[in-house]
Amino acid sequence: MAKKGDYFGLSWIVSLILAIIPVTAWLCGIITRFQEGKIVAGIIRIFGGWLIWVLDLIFMILSKKIFRLLNI
């Protein structure tokens, strides 16, 4: 069974493809954090999207999970 990625329970490779595209990574990251109930983290992603996109891409490649600045 393929390891699940961070975006909506999709496979890791699909999540990686979504993380490569800046706009989809930004939107998926915001939606994912709000779905997890992390309101503050979702708001930070709205305003810090480009910096967090680079970190998401690095973390997705290395650990198969998106970057989590706040776990609040």
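Student: Can you help me understand the packing of helix H3 (residues 39-47) against helix H4 (residues 49-63) in this one?
Tutor: Relative placement of two packed helices is described by the angle separating their axes and the distance separating the axes. Remark: H3 packs on H4, axes separated minimally by 5 Å, with the N-to-C direction vectors making an angle of 105°. Accordingly, the angle class assigned to the pair H3 and H4 is roughly perpendicular. Contacts between H3 and H4 involve Ile44, Arg45, Ile46 and Phe47 from the former and Gly49, Ile52 and Asp56 from the latter. For the contact of H3 with H4, the class distribution of residues is four nonpolar, one polar and two charged.

Student: Could you clarify how one ought to interpret the packing of aromatic side chains in this entry?
Tutor: The geometry of an aromatic ring pair comes down to the distance between the two centres and the angle between the two planes. Within this structure, the stated rule accounts for three aromatic pairs. Summarising the aromatic geometry, the rings of Tyr7 and Phe8 are spaced 6.5 Å apart at their centres and angled 40° between planes, so their arrangement reads as tilted. The buried category is assigned to Tyr7, whose relative accessible area is 0%. Accessibility expressed as a relative area gives 39% for Phe8, which makes it partly exposed.

Student: When you look at the environment of Ile46 in this model, what are you seeing that I'm missing?
Tutor: Within the secondary structure, Ile46 sits in helix H3. Spatially, the C-alpha atom of Ile46 lies 6.6 Å from that of Ile30, the residues being 16 residues apart in sequence. For Ile46, the contacting residues outside a window of four places in its chain are Trp26, Ile30 and Phe34.

Parameters at a glance
Residues numbered from 1 in each chain as written. Predicted model: local features only at pLDDT ≥ 70, side-chain atom pairs only at ≥ 80, totals over all residues. Heavy atoms only, no water. Axes fitted to C-alpha atoms, helices over the stretch in contact; angles between N-to-C directions. Helix = DSSP H or I, 4+ residues; strand = E, 2+ residues; numbered from the N terminus. Parallel < 35°, antiparallel > 145°, perpendicular 65-115°, else oblique. Contact = heavy atoms within 4.5 Å. Nonpolar A, V, L, I, M, F, W, Y, C, P; charged D, E, K, R; others polar. Phe/Tyr/Trp six-rings, centres within 6.5 Å; stacked < 30°, edge-to-face > 60°. Buried < 20%, exposed > 50% of the residue type's maximum accessible area, 1.4 Å probe, protein only.

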